[in-house]
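Here are the chains, one letter per residue:
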Amino acid sequence: MKKLIFCSTFLFLSSFLWAAPITSGLISEWQAEGNATDSAGGNNGTLLGGVSFGPGIVDQAFFFGNNTSIADAVNGGSGSLPLGNSARTYAAWVNTTGTGATQAVFAHGVLSATPGANDHLLIFSNGIVGMGNGQGHGVIAGTTRVDDGEWHLIVGTVESNGATAVYVDGALEGTGTITNPNTSGGSFMIGSSLNRDPGNDFFGGIDQMMVYNRALSASEVALTFNSVIIPEASSFFLASLGFAVLLLFRKK
Ligand SMILES: [Ca+2]
Ligand SMILES: [Ca+2]
């Protein structure tokens, strides 16, 4: 009986999954654990096209195909996401081998072709991540190629004055100013541009997509990156503890 209780407790503890370590200002978090539920807020998503699930950085992730017609996407809803020029942070773990000229990790707002545009997006351009505003306006780029088929944390932070920073794997890689940021509602599309244009097609995995209503600091971004190691370490600790106790019971 004791062994049964212990094993049940062990399985219960092991099932704890990573959630965003910084919760202040967290509006939405799509963990992609087999669904498009927003575990932080009310922006539950809808799967569009052929979005599938596979192994992520934490349990399951969204996987998006290599689309030549309309792109696979998760429409994350946008009920309580940052609007206007309000500060914000977008963060996601991504895994891609796609070499396209533009791959949208997400797009937020209303599609616009005019300067002072009202959509924000994180894109890959030939493996380099960039935080952009509008179609081709004000992209603040990183420096490291991340199209290597490994998981990477990419983060874009925006202050209300347009000051923008891009981080890769917890390290600051680019800063600049996006002119006239103005998100006037619209939608939040993961794995695609707002109009699901195959020309901006994302190919690969996206996991633990997070949106905050403030710009995270550099140390908070680093903590978010480093904290993903914790569940693996704690699982190892719990597994070791489990074996130790089972051995103890066997000896009796
Ligand atoms: Ca996940
Ligand atoms: Ca795609």
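Owing to the predicted nature of the structure, the values given are computational and were not obtained by experimental measurement.

With respect to the environment of Ile 123
- Tracing the sequence through the fold places Ile 123 in strand β8 (residues 119-125).
- Owing to 22 C-beta atoms within 10 Å, Ile 123 belongs among the buried residues under this scheme.
- Along the backbone, Ile 123 and Gln 103 are 20 residues apart, and their C-alpha atoms lie at a distance of 5.3 Å.
- Once residues lying within four places of it in the same chain are set aside, the contact partners of Ile 123 are Thr 102, Gln 103, Ala 104, Val 105, Gly 130 and Gly 132.

Observations concerning the nonpolar core
- In terms of nonpolar packing, the biggest core is built from 58 residues, with Phe 62, Ala 92, Val 105, Phe 106, Leu 122, Ile 154 and Ile 190 touching the most fellow members.
- In this structure, Ile 190 is in contact with Trp 30, Phe 62, Ala 73, Val 74, Gly 76, Phe 106, Ile 206 and Met 209, ignoring residues within four places of it in sequence.

Some details on the environment of Gly 41
- With respect to the element layout, Gly 41 can be found in the loop between β1 (26-30) and β2 (46-48).
- Residue class for Gly 41 comes out partly exposed when judged on the 17 C-beta atoms lying within 10 Å of it.
- Considering only alpha carbons, one finds Gly 41 and Ile 27, 14 residues apart in sequence, at a separation of 5.6 Å.
- Other than its neighbours up to four places away in sequence, Gly 41 contacts Ile 27, Ser 28 and Ser 80.

A look at unusual backbone geometry
- Despite not being glycine, Ala 32 has its phi angle at roughly 65°, a positive value.
- Position of Ala 32 among the secondary structure elements: in the loop between β1 and β2.
- Overall, Ala 32 belongs to the buried group, with 30 C-beta atoms counted inside 10 Å.
- Positioned with a positive phi, Asp 169 is a non-glycine residue whose angle comes to about 50°.
- Mapped onto the elements of the fold, Asp 169 is located in the loop between β12 (163-168) and β13 (171-177).

What counts, and where the lines are drawn
Residues numbered from 1 in each chain as written. Chains lettered and ligands numbered in written order. Predicted model: local features only at pLDDT ≥ 70, side-chain atom pairs only at ≥ 80, totals over all residues. Helix = DSSP H or I, 4+ residues; strand = E, 2+ residues; numbered from the N terminus. Buried ≥ 20, exposed ≤ 12 C-beta atoms within 10 Å, placed from the backbone. Contact = placed C-beta atoms within 7 Å. Core = buried A, V, L, I, M, F, W, Y, C linked by C-beta atoms within 7 Å.

All quantities given are derived from atomic positions and should not be read as evidence of function.
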